[in-house]
Structure formats: structure tokens, C-alpha cells
Amino acid sequence: WAVIVIVSVVFGLVHGQWNVAIDVFALSVVLCLLREITGNIWSGVILHMMKNGLAFYLLFVNPALMRTMGG
């Protein structure tokens, strides 16, 4: 657990914004746990790509959708 927390804190800090760091910290914990459960990184890579794709879509492709969801 200590390594997961350290890696997740560093992953969050590297993103540079406090509001993003909290979200990224939580994601990193999930990704680390997926690595431990599955024994490989690919499920985490796919989840990270899906999260980034969704964020890109909501922020840049269809920001009006984000506003209708209260964001």
C-alpha cells in the first residue's frame, strides 16, 4: 500500500494543478490496483485512455454537454 500511495501522490503532483491532482491520485490508486489484480498494465492503460478520451471530449469537442451536466 505504501508504494501505491507514493506512486499515486507523485502521479497527482506531476499533473501540476491541485484540483486535477486529487482526481488523478484516485485514478492512480485504481490503476495500481488493476495492475496488482491482473498482473499486467494493459487494463490500466485502457482505463487511462478511456478517462482521457472522455475528458477530451467533454472539454474540447462538446463542452456544452459538460454545462448541461452541471460542470
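Keep in mind that this is a model prediction, so the values were computed, not measured.

**Q** Would you mind going over the packing of helix 1 (residues 2–14) against helix 2 (residues 18–38) with me for this structure?
**A** Remark: helix 1 packs on helix 2, axes separated minimally by 7 Å, with the N-to-C direction vectors making an angle of 145°. Remark: the crossing between helix 1 and helix 2 carries right-handed chirality. For the pair helix 1 and helix 2, contact is made by I4, V5, V7, S8, V9, F11, G12 and L13 and by W18, A21, V24, F25, S28, V29, C32 and L33, respectively. Of the residues assigned to the contact of helix 1 with helix 2, the class counts are 13 nonpolar, three polar and no charged.

**Q** Where do I start with the layout of surface pockets in this structure?
**A** Where empty space is left becomes clear once a probe the size of a water molecule has been rolled over the atoms. In this structure, the largest pocket occupies an estimated 220 Å³ of space. Surrounding the largest pocket, F11, H15, N19, V20, D23, V24, L27, H48, K51, N52, A55 and F56 form its lining. Elements with a minimum of two residues in the lining of the largest pocket: helix 2 and helix 3 (42–61). Residues belonging to the lining of the largest pocket are distributed by class as follows: six nonpolar, four polar and two charged. When its volume is computed, the second largest pocket comes out at roughly 160 Å³. Forming the walls of the second largest pocket are F11, S28, L31, C32, L34, R35, N40, I41, S43, G44, V45 and H48. Sorting the residues of the lining of the second largest pocket by element identifies helix 2 and helix 3 as the ones contributing at least two each.

What counts, and at which threshold
- Residues numbered from 1 in each chain as written.
- Predicted model: local features only at pLDDT ≥ 70, side-chain atom pairs only at ≥ 80, totals over all residues.
- Heavy atoms only, no water.
- Axes fitted to C-alpha atoms, helices over the stretch in contact; angles between N-to-C directions.
- Helix = DSSP H or I, 4+ residues; strand = E, 2+ residues; numbered from the N terminus.
- Left-handed = near helix turned anticlockwise from the far one by under 90°.
- Contact = heavy atoms within 4.5 Å.
- Nonpolar A, V, L, I, M, F, W, Y, C, P; charged D, E, K, R; others polar.
- 1 Å grid on protein atoms, 1.4 Å probe; cavity = no way out; pocket = protein on both sides within 12 Å on 5 of 7 lines; lining within 4 Å.
- Points joined across faces, edges and corners; volume = space filled by probe spheres on them.

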